[in-house]
Amino acid sequence: QVQLVESGGGLVQAGGSLRLSCAASGRTFSINRMGWFRQAPGKEREFVATSGWSGGMPYYADSVKGRFTISRDNAKNTVYLQMSSLKREDTAVYYCAAALSSYGSSTNWFGYSYWGQGTQVTVSS
């Protein structure tokens, strides 16, 4: 089993920055890829960013490219999402997710097996 816990959400003004954390525990050695997704009220869950658990080039949705950065602290088994130049449309519940295989689409939510509980990000203007 893999457990994921997100933190760092909150209220921020447009143009501001926020860093989300995702702490992984359990059988973390089985993780192949980590991803960040978000879901706004009345909308489907959408892809934000992904990166290999042990390395590899990150990949971002066009809507956040150049503004968001995904990274990992190996010693802490923690993945981060640094968000800058935030916009109103970034408001959503943000989820981190773990995939146990490299097969399938890394940008589709049902390609991931484990999910955190989500953390709310609200951007005001």
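Below is a short write-up of the structure. (Residues numbered from 1 in each chain as written. Predicted model: local features only at pLDDT ≥ 70, side-chain atom pairs only at ≥ 80, totals over all residues. Heavy atoms only, no water.)

**Structural notes on unusual backbone geometry**
So, step 1. Backbone geometry at Asn 77 places phi at a positive 50°, although glycine is not the residue there.
So, step 2. Unusually for a residue other than glycine, Ser 85 sits at a positive phi of about 50°.
So, step 3. Its location among the elements puts Ser 85 in the loop between β8 (78–83) and β9 (92–99).
So, step 4. For Ser 85, a relative accessible area of 41% gives the class partly exposed. (Helix = DSSP H or I, 4+ residues; strand = E, 2+ residues; numbered from the N terminus. Buried < 20%, exposed > 50% of the residue type's maximum accessible area, 1.4 Å probe, protein only.)

**Some words on the sheet that holds strand β1 (residues 2–7)**
So, step 1. With antiparallel pairing, the four strands of this open sheet are ordered in space as β1-β3-β8-β7. What marks the edges here is a single partner per strand, and that holds for β1 and β7 (68–73). Recorded for the sheet is a direction-independent mean angle of 20° between the axes of neighbouring strands.
So, step 2. Of the strand pairs in this sheet, β1 and strand β3 (residues 18–26) are connected by six bridges, and their pairing is antiparallel. Following the sheet pairing, Val 5 is matched in β3 by Ala 23. (Pairing = 2+ DSSP bridges. Axes fitted to C-alpha atoms, helices over the stretch in contact; angles between N-to-C directions.)

**What to know about the pairing of β9**
So, step 1. With seven of its eight residues buried, β9 lies for the most part within the structure.
So, step 2. Here strand β4 (residues 33–39) runs beside β9; their pairing, made up of seven bridges, is antiparallel. The residue of β9 that forms the bridge with Phe 37 is Tyr 95.
So, step 3. Here β9 runs beside strand β11 (residues 119–124); their pairing, made up of three bridges, is antiparallel. Bridge pairing links Val 93 to Gln 120 in β11.

**Remarks on the nonpolar core**
So, step 1. By size, the foremost hydrophobic cluster in this structure holds 34 residues, and its most contacted members are Trp 36, Leu 81, Met 83 and Tyr 94.
So, step 2. Of all the elements in the fold, those that place two or more residues in this core are β1, β3, β4, β5 (46–52), β7, β8, β9 and β11.
So, step 3. Sort the elements by how many residues they give to this core and β9 lands first, with six residues.
So, step 4. Setting aside residues no more than four positions away along its own chain, Tyr 94 makes contact with Glu 6, Leu 20, Phe 37, Arg 38, Val 48, Phe 68, Leu 81, Met 83, Gly 118, Thr 119 and Val 121. (Core = buried A, V, L, I, M, F, W, Y, C linked by side-chain atoms within 4.5 Å. Contact = heavy atoms within 4.5 Å.)

In short, geometric facts, not functional conclusions.
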